[in-house]
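Spelled out, the chains give:
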Amino acid sequence: MTDTLLLGAVAYDPKVVTIWDGFQRWFAARGLPFDYVLYTNYERQVEQHFAGAFHVAWNSPLAWLQAQRVAKARGRDCRAVAMRDTDQDLTSVVVVRADAPIRSVADLRGKRLGVGAGDSPQATMIPLQQLAEHGLVGGRDCEVRRFDVLVGKHGDHVGGERDAAKALMRGEVDAACMIDGNHLLFAQEGTLPRGQTRVLLQTGAYDHCNFTVLDGAPTALMQRFTDLLFGMRYDDPEVRPLLDLEGLKAWRPGRTSGYALLERGCEQFGWLQPFLQHMAAG
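Computed from a predicted model, the values in this text were never measured in an experiment.

The rules behind the values
- Residues numbered from 1 in each chain as written.
- Predicted model: local features only at pLDDT ≥ 70, side-chain atom pairs only at ≥ 80, totals over all residues.
- Heavy atoms only, no water.
- Helix = DSSP H or I, 4+ residues; strand = E, 2+ residues; numbered from the N terminus.
- Rg over C-alpha atoms; globule rule 2.2 N^0.38 Å.
- Buried < 20%, exposed > 50% of the residue type's maximum accessible area, 1.4 Å probe, protein only.
- Areas by Shrake-Rupley, 256 points an atom, 1.4 Å probe, with all protein chains shown as cover.
- Pairing = 2+ DSSP bridges.
- Axes fitted to C-alpha atoms, helices over the stretch in contact; angles between N-to-C directions.
- Contact = heavy atoms within 4.5 Å.
- Expected span 1.5 Å × (residues − 1).
- Arc of directions from axis to C-beta.

(A) Quick look at the overall build of the chain. Counting its regular elements, the chain contains 10 helices and 11 strands. Against the 2.2 N^0.38 benchmark of 19 Å for 282 residues, the chain shows a C-alpha radius of gyration of 20 Å, consistent with a compact globule. Taking the principal axes of its C-alpha atoms as reference, the chain extends roughly 60 × 45 × 25 Å. Here the chain holds 282 residues, and 53% of them are scored as buried. Carbon and sulfur atoms make up 49% of the accessible area of the chain, which amounts to about 12100 Å² in all.

Set out below in structure tokens:
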């Protein structure tokens, strides 16, 4: 394993195989032996990262926090080494029907709120955290209806958000939470017909996925990996299809300040505790 860089990633969609197969060929052509291991959920991926099954993880925001907390508890170093340009400065929205008499967060009191999967940072956790900071605590001040599609994949599958949006249009919930980009997508595809919804609340900015590395990863392989990533150019006809598949135009150095909203929510609502207890018991 020491002569090949191994990546851990979650198979949230069949295209994941196409994506990493493409990167594998591109890296190999430039002298970096590269392979990947797919997991069905982020919890298993984080667990196996600490077990030494691979060198670098493609982590969700929640998986990053899980890894960071476990590393801290075990006295290990955990770093975010790279992320996509499209992983930075995202927002989520709470959407209501355009004809609804809901004009403020306070008007959601006693109403039904549709969210994505329970472990989705963008469609559940961050919106709930932001609503709580505006004085509305989900489950106490309003009913929260979760659309749990592919739990364990941390909302990478947009099915839960789409189901929440559909429920909003059917009148089954009074508001729905989703990442801003999917709000636009749902309007384009007709799930949320144009002009029939409006944004009640937009969250603060946050970051999404990153490549996470623990201490002990092979230094030379990791350096070559990041050098190749940061050297990719969108105007290169060989590179562009790979970047399009992964949804970016440029790789950026990893940063962790963009996880503050999710971290505050985890501290307030204890969302990390079950996993941390599981890892401590192991």
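Let us keep going from here.
(B) Just the sheet that holds strand β10 (residues 210–214), in detail. Spatially, β2-β1-β3-β10-β4-β11 is the arrangement adopted by the 6 strands of the open sheet, whose pairing is mixed. In this open sheet, the two strands that pair with only one neighbour each are β2 (34–39) and β11 (251–253). Strand after strand, the sheet turns through a mean of 25 degrees between neighbouring axes, direction not considered. By the bridge criterion, 4 bridges tie strand β4 (residues 78–84) to β10 in an arrangement that is antiparallel. Each bridged residue has a counterpart across the sheet, and for Ala80 the counterpart in β10 is Thr212. Along the sheet, helix α2 (residues 42–50) contacts β1 (5–10), β2, β3 (56–59) and β10; its crossing angle with β3, the most-contacted strand, is approximately 160 degrees.

(C) Focus on helix α7 (residues 219–231). Compared with an ideal rise of 1.5 Å per residue, which puts 13 residues at 18 Å, α7 spans 18 Å between its outermost C-alpha atoms and is within 8% of the ideal. Among the residues making up α7, those that are buried are Leu221, Met222, Phe225, Thr226, Leu228 and Leu229. Burial along α7 is one-sided: seen end-on, the buried residues are contained in an arc of 160 degrees. Exposed residues on α7 whose side chains face more than 90 degrees from its buried face are Thr219 and Ala220.

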